[in-house]
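# Secondary and tertiary structure notes
Residues per chain, in single letters:
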Amino acid sequence: RITFFADPAGALTHRLDMEMTHSGPASVGIIGRCKRFAVYAVNGEVKYVAVSEAEDDPAGDGDPSATLPPAVMDGILKLNDEL
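Keep in mind that this is a model prediction, so the values were computed, not measured. (Residues numbered from 1 in each chain as written. Predicted model: local features only at pLDDT ≥ 70, side-chain atom pairs only at ≥ 80, totals over all residues. Heavy atoms only, no water.)

### Thoughts on helix α3 (residues 69–82)
The following threshold applies: A run of H or I in DSSP counts as a helix once it spans at least four residues, and a run of E counts as a strand once it spans at least two, with each numbered from the N terminus. Helix span, expected: 1.5 Å multiplied by one less than the number of residues in the helix. Note on definitions: a residue-residue contact is assigned when non-hydrogen atoms from the two residues lie within 4.5 Å.
Given a rise of 1.5 Å per residue, 14 residues ought to cover 20 Å, and the 20 Å separating the end C-alpha atoms of α3 matches this to within 8%. Here the buried face of α3 lies against β1 (36–42) and β2 (45–52).

### Quick word on the nonpolar core
What counts here: To form a nonpolar core, buried Ala, Val, Leu, Ile, Met, Phe, Trp, Tyr and Cys residues must be joined to one another through side-chain atoms within 4.5 Å. Here the term buried applies to any residue with accessible area under 20% of the maximum for its type, exposed to any over 50%, and partly exposed to those in between, with areas from a 1.4 Å probe on protein chains only.
Counting residues in hydrophobic clusters, the biggest one holds 5 residues: A38, Y48, A50, V72 and I76. Counting only elements with at least two residues in this core, the list comes to β2 and α3. The contacts of A50, once residues within four sequence positions are left out, are R36, F37, A38, A66 and T67.

### What to know about the side chain of S52
Formally: A 3.5 Å cut-off defines polar contacts: any pair of N or O atoms within that distance qualifies, except that in protein one atom must be a possible hydrogen donor and the other a possible acceptor, and neighbouring residues in sequence count only when both atoms are side-chain atoms.
Note that S52 resides in strand β2. Among the polar contacts made by the side chain of S52, one reaches the main-chain carbonyl oxygen of P64 at a distance of 3.0 Å. At 2.9 Å, the side chain of S52 and the side chain of T67 are in polar contact. When residues no more than four places from it in sequence are discounted, the contact partners of S52 are R36, P58, A59, G60, D63, P64, S65, A66 and T67.

### As for the side chain of D57
Heads up, the condition is: Positive: Lys, Arg. Negative: Asp, Glu. His and the chain ends are not part of the count. A pairing counts as a salt bridge when a side-chain nitrogen of Lys or Arg comes within 4 Å of a carboxyl oxygen of Asp or Glu.
Mapping D57 onto the fold places it in the loop between β2 and α3. Buried charge without a salt bridge: D57, with R36 as the nearest opposite-charge side chain at an N-O distance of 6.7 Å. A polar contact is formed between the side chain of D57 and the backbone nitrogen of D61, at a distance of 3.1 Å. Side-chain polar atoms of D57 contact the backbone nitrogen of G62, separated by 2.7 Å. Beyond its immediate stretch of four places on either side in the chain, D57 contacts G62 and D63.

### A few points about the pairing of β1
Applicable threshold: Should DSSP find at least two bridges between two strands, the strands are regarded as paired.
Across 7 bridges, the pairing between β1 and β2 is antiparallel. In the strand pairing of β2, Y40 is matched with Y48. Here β1 folds back onto β2 in antiparallel fashion, the turn holding 2 residues, of which N43 has a positive phi close to 50°.

### Concerning the pattern of salt bridges
This model, assessed by the stated rule, comprises 4 salt bridges. A salt bridge links D61 to R33, with the nearest nitrogen and oxygen atoms 3.8 Å apart. In this pair, D61 is assigned in the loop between β2 and α3 and R33 in the loop between α2 (23–27) and β1, connecting sequence segments 28 residues apart. In this structure, E53 engages K35 in a salt bridge whose closest nitrogen and oxygen atoms are separated by 3.7 Å. You can see E53 sitting in the loop between β2 and α3 and its partner K35 sitting in the loop between α2 and β1, a full 18 residues away along the chain. On the basis of relative accessibility, which here comes to 42%, the residue E53 falls in the partly exposed class. You can call K35 buried: its relative accessible area is 18%.

So this is what it looks like as structure tokens:
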């Protein structure tokens, strides 16, 4: 089962330290944006985290591949193989 969550107030984003602190989004009025990330958790325990960002692409817009389904599923499957 997959569950998606929204974080309109940014509380989870802040607690996970996934706030985008690069000046780019703020310079165009986007305040409090989160990084492009995916988290896999089981019973509240985080097992896998992926973030799409680069120094020249803090939002991960140019290359979001680390947080797209194929990469996230590969990461989860590798975790399960290690168990």
